[in-house]
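Summary of structural features
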Amino acid sequence: MDQAKILVIEDAPAIVRMLEPTLAAGGATTAIAWSGSQASEYLDNDDYDLILCDLGLPDVDGQDLIKQIRARTDIPIIVLSARGMEQERIRALDPGADDFVPKPFAAGELLARIRAALRRRPAAHGAASIRLGEIEVDLERRRVLIQGEEIRLSGREHALLTLLAQRRGGVVTHREIIDHVWGSGAKAETQSVRVLVAQLRQKLEEEPANPRILQTEPGIGYRLADV
Ligand code: CA
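Residues numbered from 1 in each chain as written. Predicted model: local features only at pLDDT ≥ 70, side-chain atom pairs only at ≥ 80, totals over all residues. Heavy atoms only, no water.

Digging into the coordination of the calcium ion
Keep this limit in mind: Coordinating donors are taken to be N, O and S atoms lying within 2.8 Å of the metal, or within 3.2 Å when the metal is Na, K or Ca; because water is excluded from the atom set, some sites may appear incomplete.
In the first shell of the calcium ion, the protein supplies D11 (OD), D54 (OD) and G56 (O), at 2.2 to 2.3 Å from the metal. Ordering the donors of the calcium ion by residue number gives the pattern D-x42-D-x1-G.

Details of the sheet that holds strand β8 (residues 143-146)
For sheets, the rule is that strands pair by backbone hydrogen bonds, running either parallel or antiparallel. Put simply, the test is: Strands were regarded as paired on the criterion that DSSP finds at least two bridges between them. Secondary structure elements are taken from DSSP: a helix is a run of H or I of four residues or more, a strand is a run of E of two residues or more, and numbering for both begins at the N terminus. Where helices are involved, their axes are fitted lines through C-alpha atoms of the stretch in contact, as for all axes, and angles between N-to-C directions lie from 0 to 180°.
One open sheet accounts for 4 strands, arranged β6-β7-β8-β9; its pairing is antiparallel. At either end of the open sheet lies a strand with only one pairing partner, and these are β6 (129-132) and β9 (149-151). Going from strand to strand, the sheet's axes swing by 25° on average, the running direction of each strand aside. In terms of strand pairing, β6 meets strand β7 (residues 135-138) through 4 bridges, oriented antiparallel. Paired with I130 across the bridge in β7 is V137.

Side note on the side chain of S81
The condition that has to hold: Here a polar contact is taken to be a pair of N or O atoms separated by no more than 3.5 Å, where protein atoms must pair a possible hydrogen donor with a possible acceptor and residues adjacent in sequence count only if both atoms sit in side chains.
Relative to the helices and strands, S81 resides in strand β4 (residues 77-82). One polar contact links S81 to R89, side chain to side chain, over a distance of 2.7 Å.

Some words on the pairing of strand β12 (residues 221-224)
As paired elements, strand β10 (residues 171-173) and β12 share 3 bridges and run antiparallel to each other. Bridged to V171 within β12 is R223. Where strand β11 (residues 214-217) and β12 come together, 4 bridges link them in antiparallel fashion. By the bridge assignment for β12, T216 is matched with Y222. Counting the residues between successive antiparallel strands, the hairpin from β11 to β12 contains 3 residues, one of them, G219, with a positive phi of roughly 80°.

Topic: the confidence of the model for the chain
Interpreting fine coordinate detail is not advised for predicted regions of low pLDDT. This is how it is decided: Confidence of the predictor at the level of single residues is given by pLDDT, which spans 0 to 100.
Averaged over every residue, the pLDDT of the chain is 90; residues scoring 70 or more account for 97%. Taken element by element, the chain is modelled with least confidence in helix α5 (residues 107-123), mean pLDDT 84, and with most confidence in strand β1 (residues 5-9), mean pLDDT 97.

Digging into the pattern of salt bridges
What counts, and what does not: A pair is scored as a salt bridge if a Lys or Arg side-chain nitrogen falls within 4 Å of a carboxyl oxygen belonging to Asp or Glu. Relative accessibility under 20% of the residue-type maximum defines a buried residue, over 50% an exposed one, and the middle range a partly exposed one, all with a 1.4 Å probe and only protein chains included.
All told, the structure shown has 16 salt bridges when counted by the stated rule. One salt bridge in this structure joins K5 and D46, with 2.8 Å as the shortest N-O distance. A residue pair is termed long-range when its members are at least 10 positions apart, and K5 in strand β1 and D46 in the loop between α2 (36-45) and β3 (50-54) qualify at 41 residues. With a relative accessible area of 28%, K5 lands in the partly exposed category. In this structure, the salt-bridge partner of E217 is R223, at a minimum N-O distance of 3.1 Å. For the pair E217 and R223, one class covers both residues: buried. Because the salt bridges share partners, they merge into one network encompassing D99, E109, R113, E217 and R223.

Some remarks on the sheet that holds strand β5 (residues 99-103)
Here we have 5 strands laid out as an open sheet, ordered β2-β1-β3-β4-β5, and parallel in their pairing. Edge positions in the open sheet fall to β2 (29-33) and β5, since each of these has one partner strand only. With strand direction ignored, the average angle separating the axes of adjacent strands in the sheet is 20°. Pairing geometry for β1 and β3, over 4 bridges, is parallel. By the bridge assignment for β3, V8 is matched with L52.

Observations concerning the packing of α2 against helix α3 (residues 62-72)
Here is the rule: An angle counts as roughly parallel when it lies under 35 degrees, as roughly antiparallel when it exceeds 145, as roughly perpendicular when it falls between 65 and 115, and as oblique in every other case. Contacts are residue-level and defined by heavy atoms, with any inter-residue pair within 4.5 Å sufficient. Polarity classes work like this: nonpolar for Ala, Val, Leu, Ile, Met, Phe, Trp, Tyr, Cys and Pro, charged for Asp, Glu, Lys and Arg, and polar for all others, with Gly in that last group.
Axis separation between α2 and α3 bottoms out at 11 Å; the angle between their running directions is 10°. Here α3 runs roughly parallel to α2, going by the angle between their axes. Residues G36, S40, L43 and D44 of α2 form the contact with α3, whose own contacting residues are L65, Q68, I69 and R72. Across the contact of α2 with α3, the residue classes tally to 3 nonpolar, 3 polar and 2 charged.

Shown next, in the form of structure tokens:
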């Protein structure tokens, strides 16, 4: 994340005081926006590589802010949210945030999430294949190879793996999976997602009961390990 320009949207001085040295130590330069309107102003006038965003801001609802930012740019957005706020996280991830970091945050975890988000950015656009350790997802030919051997996936398994691979390291919510795999607004249930994930784990994981690649984010969704 050397030289990455990060826009921090946060209204709590105590959090900003912790974030600034952490991000600087990771090699990033930061701009601090203390409100949603200040964030819009910064985005009008400058380019950033990543946004770190608090959801409890004085002038705008967090979900609305994420939607506004997504409407103008596809740069990675990581949400800072307090522990136990699963619903708040889902409300931010569904309209397009890439990931969340729990507050109070651990510096190592925060920097790891930022690096993962910065890394996957170019891969999401126009890549012909995505490599995850020994697994290769060939997007163009719609094939999946493990150590060079093709494995057979159903249409839904393939759709799920492709979605997770394009967002690897980041969280994908149950709703996003349902919209992508079953179709936008489909009435599929979280239980159907769970069944599909279990099927895919049988094919990808060495120990499906102890998954290393396709990880559960409890109450929210799934994430593909950034290997
Ligand atoms: Ca706040």
